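One-letter residues, chain by chain:
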Amino acid sequence: MRTKIIAGNWKMNKTLEEAKELATEVKNHVTKEVTGNVKIVLCVPFPFLLVTKDHVLQTSISIGAQNCSEHDSGAYTGEVSAAMLASMTIPYVILGHSERRQYFGEGGKLLAKKVDKALAHSLIPIFCCGEPLEIREKGTHEALVRAQVEESLFHLSEEAVKKVVVAYEPVWAIGTGKTATSQQAQDMHAVIRKQLSAKYGEAIAQAIPILYGGSVKPDNAKEIFSCPDVDGGLVGGASLKARDFVDIIKGA
Ligand code: 13P
């Protein structure tokens with residue numbers, strides 16, 4: 001049995017005070033209401049990493065960043081390195097989110113380098129993949145997602161790939177309120193797991209968590225998370241409201 005992971009991706013939202021308030025509210029609800037074996041991760045904007053971490057100390061909640069640089073250090077104004085995140089003992093980092101791919105031109109080869117940097121500093125990459133609407137409509141979504149996974153992860157050793165979390169996020173479901181059906185999610189997760197199994201063997205494929213993201217809400221979380229190959233979720237909009245986020249966690 002894989003442990004379920006529910007990660008909130010706050011994206012570029014909240015001010016410092018609001019971030020503290022949200023982290024505190026999530027913590028309070030989680031402490032009172034969440035039982036069982038669910039890993040909870042809050043992926044917050046860089047400036048709030050340390051303060052949110054302080055607000056969830058001694059709970060089951062971990063903190064993650066939303067990106068890191070492909071470089072070690074140096075003259076890269078505005079960038080944040082994996083070493084910096086590791087030095088703050090931040091355990092998780094989202095890589096390859098579709099918004100990074102779309103608005104910042106991040107492609108598979110660059111993401112392979114970012115995955116390497118994250119792993120070199122013992123960060124757990126939450127590696128995102130997923131197809132845009134036109135690819136889904138053309139029916140080539142499986143091929144595209146397989147290519148994304150292959151391009152950024154398949155250079156990894158067995159030891160390294162075991163540390164990765166994959167998140168399947170169909171772009172057409174992100175922020176649209178139009179979630180994938182549980183069957184669509186399960187089908188794609190099974191495709192990814194089969195691909196991992198073909199490359200790394202069944203034991204490793206079975207151990208890698210594959211999260212679903214895209215309009216996960218309290219009212220659809222339970223059904224999606226009950227699919228055999230869905231190991232939790234990466235939640236955007238609904239992670240900005242403590243009540244909704246905790247209800248989603250309970251769905252796992
Ligand atoms: P929404 O939950 O707002 O659709 O966002 C999903 C997402 O992009 C999480 O990374």
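Going by the structure above, here's the rest.
No experiment lies behind these values; they were computed from the predicted model shown.

Enquirer: Quick one: what's the story with the overall build of the protein chain, residue by residue and with numbers?
Expert: Helix and strand content of the protein chain: 12 helices and 8 strands. For 252 residues, the compact-globule estimate of 2.2 N^0.38 gives 18 Å, and the C-alpha radius of gyration of the protein chain, at 17 Å, lies within 12% of that figure. With the C-alpha coordinates of the protein chain rotated into their principal frame, the extents come out at 45 × 45 × 35 Å. Expressed as a percentage of its 252 residues, the buried residues of the protein chain come to 52%. Across the protein chain, contacts joining residues at least 24 apart in sequence account for 72% of those joining residues at least 6 apart. When the accessible area of the protein chain is evaluated, it comes to approximately 11300 Å², of which 53% is carbon and sulfur surface. Measuring between centres, the 29 positive side-chain charges of the protein chain sit 2 Å from its 29 negative side-chain charges.

Enquirer: Explain the environment of Leu-50 residue by residue, including any values.
Expert: Mapping Leu-50 onto the fold places it in helix H2 (residues 49-55). Spatially, the C-alpha atoms of Leu-50 and Tyr-103 are 26 Å apart, while their sequence positions differ by 53 residues.

Enquirer: Give me the pairing of strand S7 (residues 210-213): which residues, what numbers.
Expert: Burial along S7 is two-sided: Ile-210 and Tyr-212 and Leu-211 and Gly-213, pointing in opposite directions, are all buried. The pairing of strand S6 (residues 165-168) with S7 spans 3 bridges and is parallel. Within the sheet, the bridge partner assigned to Ala-167 lies in S7 and is Leu-211. The β-α-β motif built from S7, the intervening helix H11 (residues 218-225) and the parallel element strand S8 (residues 232-235) has right-handed crossover chirality.

Enquirer: Tell me about the site of the ligand, and please be specific about residues and values.
Expert: As a structural note, the neighbourhood of the ligand is formed by Asn-9, Lys-11, His-97, Glu-169, Ala-173, Ile-174, Gly-175, Gly-214, Ser-215, Leu-234, Gly-236 and Gly-237. Measuring from an oxygen atom of the ligand, one finds a side-chain N or O atom of Asn-9 at 3.0 Å. A distance of 2.8 Å is found between an oxygen atom of the ligand and a backbone nitrogen or oxygen belonging to Gly-237. Protein chains shield 97% of the accessible area of the ligand, which is 310 Å² for the free molecule. Split by residue class, the shell around the ligand holds 3 nonpolar, 7 polar and 2 charged.

Enquirer: If you had to explain helix H9 (residues 182-200) to someone new, which residues and values would you point to?
Expert: Its 19 residues give H9 an end-to-end C-alpha distance of 26 Å, which sits within 8% of 27 Å, the value for a rise of 1.5 Å per residue. Buried within H9 we find Ser-182, Ala-185, Gln-186, Met-188, His-189, Val-191, Ile-192, Arg-193, Gln-195, Leu-196, Ser-197 and Tyr-200. Immediately beyond the C-terminal end of H9, within one or two residues, lies Gly-201, with a positive phi of roughly 95°.

What counts as what
- All residue numbers here refer to positions counted from 1 along the written sequence of the relevant chain.
- The predicted origin of the model limits local features to residues at a pLDDT of at least 70 and limits the giving and counting of side-chain atom pairs to 80 or more, whereas totals for whole chains, interfaces and linings rest on all residues.
- Side-chain calculation: all heavy atoms of the structure are included, whereas hydrogens and water are not.
- Secondary structure elements are defined from DSSP: runs of H or I of at least 4 residues count as helices, runs of E of at least 2 residues count as strands, and each element is numbered from the N terminus.
- Values of the radius of gyration come from C-alpha atoms, whereas the globule rule sets the reference at 2.2 Å times the count of residues to the power 0.38.
- Residue burial is assigned from relative accessible area. The probe radius is 1.4 Å, only protein chains are included, and a residue is buried under 20% of its type maximum, exposed over 50%, and partly exposed in between.
- By definition in these notes, contact holds between two residues if any of their heavy atoms fall within 4.5 Å.
- Surface exposure here means Shrake-Rupley accessible area, sampled with a 1.4 Å probe, where a residue is shielded only by the protein chains that are shown.
- Positive: Lys, Arg. Negative: Asp, Glu. His and the chain ends are not part of the count.
- Where a charge lies is defined by one atom per residue type: Lys uses NZ, Arg uses CZ, Asp uses CG and Glu uses CD.
- For two strands to pair, DSSP has to find at least two bridges joining them.
- Orient the strands so they point away from the viewer; a crossover is then right-handed if the path from the first strand over the helix to the second runs clockwise.
- We call a residue near a molecule or strand when any one of its heavy atoms sits within 4 Å of it.
- Counting of polar contacts relies on pairs of N or O atoms within 3.5 Å, with two restrictions inside protein: one atom must be capable of donating a hydrogen and the other of accepting it, and residues adjacent in sequence are counted only when both atoms are side-chain atoms.
- Amino acids are sorted into nonpolar (Ala, Val, Leu, Ile, Met, Phe, Trp, Tyr, Cys and Pro), charged (Asp, Glu, Lys and Arg) and polar (every other residue, Gly among them).
- To estimate the expected span of a helix, count its residues, drop one, and scale the result by 1.5 Å.

Functional significance is not addressed by these values, which are geometric in nature.
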